[in-house]
Amino acid sequence: MSNWVFNVKRSQNIKHIQYLNIRFYSDSAVRVRFAPSPTGQLHLGGFRTALYNYLFAKSKGGKYILRIEDTDRTRVVNNAVEQLQEDLKWLGIEFDEGPNNNGPYGPYIQSERLENYQKRTQQLLSSGYAYKCYCSEKRLELLRRDALRTRTIPRYDNKCRSLDDEELGRNEGKKYCIRFKLNQSDGFFNDLVYGHISRNVAAVEGDPIILKSDGFPTYHLANVVDDHDMKITHVLRGVEWQPSTSKHILLYKAFGWNPPNFGHLPLLINKDGTKLSKRQNDITINTYRQKGIYPEALLNFVISCGGGFVNNNEKNNVYIQPLSELISKFDISLINSNSCQVPLDRLGYFNQAQLKIELNSDLGRKRTIEELKNIVQNTFSKDKSVELNLSEKHLNKILKWSINRITNINDLIHENYKFIWLKPSESAIKSMDYDIDIVIKLKNHLINIDDFTIDNLGTVFKEFSKSNNIVYSNLMKMLRNIISGLKQGPGVSEIMVILGKEEVIDRLNKACLKG
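Residues numbered from 1 in each chain as written. Predicted model: local features only at pLDDT ≥ 70, side-chain atom pairs only at ≥ 80, totals over all residues. Heavy atoms only, no water.

Going by an unreviewed UniProt entry, the chain carries the name Nondiscriminating glutamyl-tRNA synthetase EARS2, mitochondrial and comes from Aphis craccivora. In its Sequence similarities (unreviewed entry) section, the UniProt record describing the chain reads: "Belongs to the class-I aminoacyl-tRNA synthetase family. Glutamate--tRNA ligase type 1 subfamily." If you open the UniProt record of the chain and go to Subcellular location (unreviewed entry), you find "Mitochondrion". (UniProt positions renumbered as here; feature names shortened; annotations may be inferred.)

What follows is the structure in structure tokens.
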């Protein structure tokens, strides 16, 4: 249903329509879209936009559409669309309509909709809302340089808007683009996140290009036409597009269409205040996948940064909620309108929380054990001299011991934990400085210890160092080196317990054979 009031007048053959109210929708009619450009891999910022659109659509029982905006052909990256869909599917986000879903308003790739954009452009030309611009790139560059010289914002001077018949005749046959005529308007709209927004775009910008000389539309035309034709009811996108929204509303007016509701998501920033950028290659979704980050961890980490939920901004708390629960709790009115800091160093805590959830279920534990087994095999199996204990019992023991030490199971092949899988080499042992007689004596003593626990071993070592007149810290340093090859790391008793009595005795035996 739509609520509209029109005020129509003519000036210079242009029909001006004053937009006074925005349309309203019942929840059942909600249709939103995620419309990325295939210019690289999906990163945290793009994922935040995709996620919040998904949560809004599903919380309203609406439809979620994927549209690929590939009209800037110079920036298109091969296989980017396939990678994006694979990443979002891994995160649990699927679309009701899109390139692979054959919905009723396709095609869903803009480069396959060129004829429609050209038809709509002709409509604007015929109604007097657009015009052909013959300005050369050289002239436009001179305008930019002059603006820099006078320290003003570069803008087109609308020269071709008022060409007379004689000037149009002289330009016949020349290359041209199509520009949209901006009119003096407040461009008011009610932002679902920021509230009342008013911007007289014609006062600060020149007439924008809507169709390039190569026949491809610009973002401004293509997204307005597609949102209308695909019956999009709500547009949720990054706040960097907010200044363009007034321009888009003028386009809707020119076509005589009802604009959708607009909401702009706040800027994501790094801890140092700089903008989170897709040029930060380490924040792509595919990178996080390869690093062993759980999709549930990413979902909950992202919503912890930008609001939309009650009490999700308590910085010291880490919550893991399934996607279904996030949908039921999402409230667009709770999105923070301030720039949102993304504490990337906290993602590990979310991943650790999900790892604990995995280990608390039979299926999750089996899945994690199998994944750890593959990681260890792929890392160490090339060394034929290494005998890896990859039994389910041993791997489960390792995971239980390490759960509060690691944030990612890939951490278990880190240098500090290699002792779990690898024994110190013979050459390393030969280079160590220790008293073999002391090692033999301690080994024989440990063989008779039945209570092989951290607390008891600590007591045993203190008594042994005292009775053998050895400084306790030196004994610990020697044992850590012999057993793990590490100069620092977990406590010696912990190392021995995680390795097990049999493995510890074996490693001490190896040290007794030195030289």
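K.L.:
For this particular structure, what's the right way to read the pairing of strand β11 (residues 261-265)?
P.N.:
Regular strands place their side chains on alternate faces of the sheet. With five of five residues buried, β11 lies mostly within the body of the structure. Two elements, strand β10 (residues 234-238) and β11, share five bridges in a ladder whose sense is parallel. Looking across to β11, one finds that Leu-236 is bridged to Gly-263. Each parallel crossover has a hand, and the one from β10 via helix α7 (residues 242-255) to β11 is right-handed. (Buried < 20%, exposed > 50% of the residue type's maximum accessible area, 1.4 Å probe, protein only. Helix = DSSP H or I, 4+ residues; strand = E, 2+ residues; numbered from the N terminus. Pairing = 2+ DSSP bridges. Right-handed = clockwise from strand over helix to strand, strands pointing away.)

K.L.:
Where do I start with the UniProt feature "domain: Aminoacyl-tRNA synthetase class I anticodon-binding" (unreviewed entry) in the chain in this structure?
P.N.:
Mapped onto this structure's residue numbering, the UniProt feature "domain: Aminoacyl-tRNA synthetase class I anticodon-binding" (unreviewed entry) falls at residues 390-511. A distance of 24 Å separates the end C-alpha atoms of residues 390-511, which is 61% helix and 0% strand.

K.L.:
Is there a simple way to think about the packing of aromatic side chains in this case?
P.N.:
What describes a pair of aromatic rings is the distance from one ring centre to the other and the angle between the planes of the rings. According to the stated counting rule, one finds twelve aromatic pairs in the structure shown. A network of ring pairs unites the aromatic residues Tyr-52, Phe-309 and Phe-330 as a single cluster. The residue whose ring lies beneath Arg-179 is Tyr-156, and the NZ or CZ to ring-centre distance is 3.6 Å. (Phe/Tyr/Trp six-rings, centres within 6.5 Å; stacked < 30°, edge-to-face > 60°. Lys NZ or Arg CZ within 6 Å of the ring centre and 35° of its normal.)

K.L.:
Honestly, the domain arrangement of the chain in this entry has me stumped. Any pointers?
P.N.:
Where interface size is quoted, it is often the accessible area lost as the parts come together. Domain boundaries assigned for the chain yield domain 1 (26-99 + 266-360), domain 2 (112-265), domain 3 (365-410) and domain 4 (426-513). Placing the centre of domain 2 and that of domain 4 at their C-alpha centroids yields a distance of 75 Å. (Domains from an automatic or database assignment.)

K.L.:
Mind showing me how you'd approach the sheet that holds strand β5 (residues 130-133) here?
P.N.:
Spatially, β5-β6-β9 is the arrangement adopted by the three strands of the open sheet, whose pairing is antiparallel. Every interior strand has two partners, whereas the edge strands, β5 and β9 (209-211), have only one. The sheet shows a mean angle of 45° between the axes of neighbouring strands, taken without regard to direction. (Axes fitted to C-alpha atoms, helices over the stretch in contact; angles between N-to-C directions.)

K.L.:
Is there a simple way to explain the nonpolar core in this structure?
P.N.:
Among soluble globular proteins, nonpolar side chains are generally buried collectively. Grouped together as the largest cluster of nonpolar side chains are 102 residues, with contacts concentrated most on Leu-44, Phe-47 and Leu-479. Those residues in contact with Leu-44 that lie beyond four places of it in its chain are Leu-268, Leu-276, Ile-283, Ile-285, Tyr-288, Leu-298, Phe-301, Val-302, Val-342 and Leu-344. Core analysis: the second largest hydrophobic core is formed by 32 residues, Ile-65, Leu-114, Ile-210 and Ala-222 among them. (Core = buried A, V, L, I, M, F, W, Y, C linked by side-chain atoms within 4.5 Å. Contact = heavy atoms within 4.5 Å.)

K.L.:
How should I be thinking about helix α15 (residues 436-447) in this particular structure?
P.N.:
For the α-helix, the turn length of 3.6 residues means that residues three or four positions removed from each other point alike. A rise of 1.5 Å per residue sets the reference length of α15, with its twelve residues, at 16 Å; its end C-alpha atoms lie 17 Å apart and thus fit the reference within 8%. The set of residues buried in α15 consists of Ile-438, Val-439, Leu-442, Lys-443 and Leu-446. Buried residues in α15, looked at end-on, bunch into an arc of 130°, giving them a common side. Of the surrounding elements, those touching the buried residues of α15 are α16 (454-467), α17 (472-484), α18 (492-499) and α19 (501-512). Near the N-terminus of α15, the side chain that reaches the backbone nitrogen of Asp-437, with its oxygen 2.9 Å away, is that of Asp-435. (Expected span 1.5 Å × (residues − 1). Arc of directions from axis to C-beta. Polar contact = N/O pair within 3.5 Å; in protein donor to acceptor, adjacent residues only side chain to side chain.)

K.L.:
I would appreciate a short explanation of the pattern of salt bridges in the present structure.
P.N.:
Side chains that differ in sign of charge can pair as their charged atoms come close. Taken as a whole and assessed by the stated rule, the structure comprises 30 salt bridges. For the salt bridge of Arg-67 with Glu-69, the shortest nitrogen-to-oxygen distance reads 2.9 Å. This pair shows no difference in class: Arg-67 is buried, exactly as Glu-69 is. Through salt bridges that share partners, Arg-33, Arg-67, Glu-69, Arg-113, Arg-120, Asp-226, Asp-227 and Asp-229 make up one connected network. (Salt bridge = Lys/Arg side-chain N within 4 Å of Asp/Glu carboxyl O.)

K.L.:
In this structure, what is going on with unusual backbone geometry? I would like to understand it.
P.N.:
Note on backbone geometry: most residues besides glycine have negative phi, and most peptide bonds are trans. Here the bond from Gly-106 into Pro-107 is cis, since omega is 0°, no more than 30 degrees from zero. Along the polypeptide, Pro-107 turns up in the loop between α2 (80-90) and α3 (114-126). In this structure, Asn-158 is a non-glycine residue whose phi angle is positive, near 60°. Following the sequence through the fold, Asn-158 ends up in the loop between α4 (137-149) and α5 (165-170).

K.L.:
So what exactly am I meant to see when it comes to the pairing of strand β4 (residues 63-66) here?
P.N.:
Both strand β3 (residues 31-34) and β4 contribute to a ladder of four bridges, which runs parallel. Note on β4: the bridge partner recorded for Phe-34 is Leu-66.

K.L.:
Sorry, what's going on with the environment of Arg-179 here?
P.N.:
Position of Arg-179 among the secondary structure elements: in strand β6 (residues 177-180). A sequence separation of 155 residues divides Arg-179 from Leu-334, and the C-alpha atoms of the two residues are 38 Å apart. In this structure Arg-179 touches Tyr-129, Ala-130, Tyr-131, Cys-133, Leu-140, Tyr-156, Asp-207, Pro-208, Ile-209 and Ile-210, once residues within four positions along its chain are discounted.

K.L.:
What should I look at first to understand α3 in this one?
P.N.:
The end-to-end C-alpha separation of α3 is 18 Å, in line with the 18 Å expected for 13 residues at 1.5 Å each. Taken together, the buried positions of α3 are Leu-114, Asn-116, Tyr-117, Arg-120, Thr-121 and Leu-124. The arc that holds the buried residues of α3, viewed along the axis, is 160°, so those residues lie on one side. The exposed set on the far side of α3, more than 90 degrees from its buried face, consists of Glu-115, Lys-119 and Ser-126.

K.L.:
Would you mind going over the confidence of the model for the chain with me for this structure?
P.N.:
Keep in mind that low pLDDT regions are not for reading the predicted coordinates in detail. With 91% of its residues at a pLDDT of 70 or more, the chain has an overall mean of 89. No element of the chain has a lower mean pLDDT than strand β1 (residues 8-11), which averages 33, and none a higher one than β3, which averages 98. Every residue in residues 1-22 is under pLDDT 50, and counting partners more than four places away or in other chains gives 43 contacts. (pLDDT = per-residue confidence, 0-100.)

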